[in-house]
Amino acid sequence: LLLDYNKPKHLHVLENKTQICSLATTDNFLIVGTVNEISGWDWKAVVQSKLSKPAWTIKISNQSKIDETDVNSLWFNKEENKIYAGCGDNKVYVYNLEDGRRLNTFDGHKDFIHSIHGRGKQLISAGEDGLVMLWDTRMGKSHNKLEPHKKANISRPEIGKWIGSVALDEDWIVCGGGPRLALWHQRSLDAVMVFDIPDRGIHVSFFHEDCIVAGGAAKHLYQLSYSGEVKVELPVSATTVYSAELRTSPNKLLAIAGSSPEIDICTSFKYRDQVLHFR
């Protein structure tokens, strides 16, 4: 039996054939954010040749809007067993995964949300309006905000004020989009480092082992030190990276996807081990 490793082993198509806007995972479920809906698929079924119906579905209904709502970003809080959804109606919704109940709505953005991330009792969100908002998940209220496009050394008006990606660390915030990728101190809300990378918009940023991983409309995915040093320039297949997912256990694996039919697979940040073609 000959296997073509450049082709997918299994191909799953959602019944309603709606667009997939975001993904997250728990130990048991692959969580898929689409339009007006979040669904959970049993991982055991996902890796089989036939995918049946989702194990559970959460409908995002907003009576005040006729427009359909894209679930643009998902963050799973394992300790609380809650899923946070940053959506196209400018809101972040919080759901209990035990029963699918909506627990809270974070309302403060003036345009659609691109990215959310959390740590402990804090959530951070970023959107098309150029706002980066910090939320206390216990209170459901925003206690601080950043507007990177208002800083002259960060702003890039020719690209826009939108923030495409944001992430939290213990003391730091990293974010970028139209404005340049920058590292902010969480308590003082000062931009302590503006990264000099040749991008035309940031869509990916996260912390990993005292470094920052970032990418977007650029030819590389970057690994950067907090002091601004470019440690690794990893070539990518896509002209724009929209997703870079890192798994550290049981072994290290980095998957990079974007505006191409290829997904780059790396077992280190030094080079691409494989390129999966979806043509």
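The rules behind these values
- Every chain is numbered independently, its residues counted from 1 as its sequence is written.
- Only residues with pLDDT of at least 70 get local features here, since the model is predicted, and only at 80 or more are side-chain atom pairs given and counted; chain-wide, interface and lining totals rely on the full set of residues.
- Processing note: side-chain calculations cover all non-hydrogen atoms of the structure and skip hydrogens and water entirely.
- Secondary structure elements are taken from DSSP: a helix is a run of H or I of four residues or more, a strand is a run of E of two residues or more, and numbering for both begins at the N terminus.
- The size measure is the radius of gyration over C-alpha atoms, and the globule rule it meets is 2.2 Å times the number of residues to the 0.38 power.
- The Shrake-Rupley method, run with a 1.4 Å probe sphere, supplies the accessible areas, and residue values consider only the shown protein chains as cover.
- In this scheme Phe, Tyr and Trp rings, the latter by its six-membered ring, pair at centre separations within 6.5 Å, and the angle between planes marks the pair as stacked below 30 degrees, edge-to-face above 60, and tilted otherwise.
- Whether a residue is buried, partly exposed or exposed follows from its accessible area with a 1.4 Å probe, protein chains only, as a fraction of its type maximum: under 20%, in between, or over 50%, in that order.
- UniProt positions are given in the numbering used here, feature names are shortened, and annotations may be inferred rather than shown by experiment.
- It only takes one pair of heavy atoms within 4.5 Å for two residues to be counted as in contact.
- Should DSSP find at least two bridges between two strands, the strands are taken to pair.
- As a rule, the C-alpha atoms of each element are fitted with a line to give its axis, helices using only the stretch in contact, and angles between N-to-C directions run from 0 to 180 degrees.

So, about the overall build of the chain. Helix and strand counts for the chain stand at 1 helix and 24 strands. In terms of overall dimensions, the chain is globule-like: its C-alpha atoms have a radius of gyration of 19 Å, near the 19 Å expected for 279 residues. By its C-alpha atoms, the chain is 55 × 45 × 35 Å across when sized along the principal axes. Of the roughly 14,900 Å² that the chain leaves accessible, carbon and sulfur atoms contribute 48%.

This part takes up the packing of aromatic side chains. What the rule picks out here adds up to 7 aromatic pairs. Between Tyr93 and Tyr95, the ring centres sit 6.4 Å apart and the planes meet at 45 degrees, which makes this aromatic pair tilted. Judged by its relative accessible area of 1%, Tyr93 is buried. Considering the side-chain rings of Phe207 and Tyr226, the 6.0 Å spacing of their centres and the 65 degrees angle between planes classify their relative orientation as edge-to-face. Here Phe207, found in strand S17 (residues 202–208), pairs with Tyr226, found in the loop between strand S19 (220–225) and strand S20 (230–235); they are 19 residues apart in sequence, far enough to count as distant. Since its relative accessible area comes to 16%, Phe207 is described here as buried.

Looking now at the UniProt feature "repeat: WD" (unreviewed entry) in the chain. Annotation from UniProt places "repeat: WD" (unreviewed entry) at residues 106–145. Between the C-alpha atoms that bound residues 106–145 there is a distance of 14 Å. The span itself is 0% helix and 62% strand.

Looking at the element boundaries, Ser73 is found in strand S5 (residues 71–77). When near neighbours in sequence (up to four residues on either side) are disregarded, Ser73 contacts Ser22, Tyr84, Ala85, Gly86, His114, Ser115 and Ile116.

A few words now on the sheet that holds strand S24 (residues 274–277). One open sheet accounts for 4 strands, arranged S21-S22-S23-S24; its pairing is antiparallel. Pairing within the sheet leaves two strands with one partner each, and these edge strands are strand S21 (241–247) and S24. Adjacent strand axes in the sheet meet at a mean angle of 20 degrees, parallel and antiparallel pairs treated alike. As paired elements, strand S23 (residues 262–266) and S24 share 4 bridges and run antiparallel to each other. By the bridge assignment for S24, Ile265 is matched with Gln274.

Next up on the list: the sheet that holds strand S7 (residues 91–96). Taken together, 4 strands build an open sheet; the order of strands is S5-S6-S7-S8 and the sheet is antiparallel. For this open sheet the edge positions go to S5 and strand S8 (102–107), each flanked by a neighbour on one side alone. Each strand of the sheet is rotated relative to its neighbour by a mean of 20 degrees, with strand direction disregarded. As judged from the 5 bridges shared by S7 and S8, these two strands associate in the antiparallel manner. The residue bridging Val92 from the neighbouring strand is Phe106, located in S8.

Looking along the chain, the bond that leaves Ser249 and enters Pro250 is cis, with omega of 5 degrees. Mapped onto the elements, Pro250 comes out in the loop between S21 and strand S22 (253–258). Phi is positive for Asn81, close to 55 degrees, though the residue is something other than glycine. In this structure, Leu189 is a non-glycine residue whose phi angle is positive, near 60 degrees.

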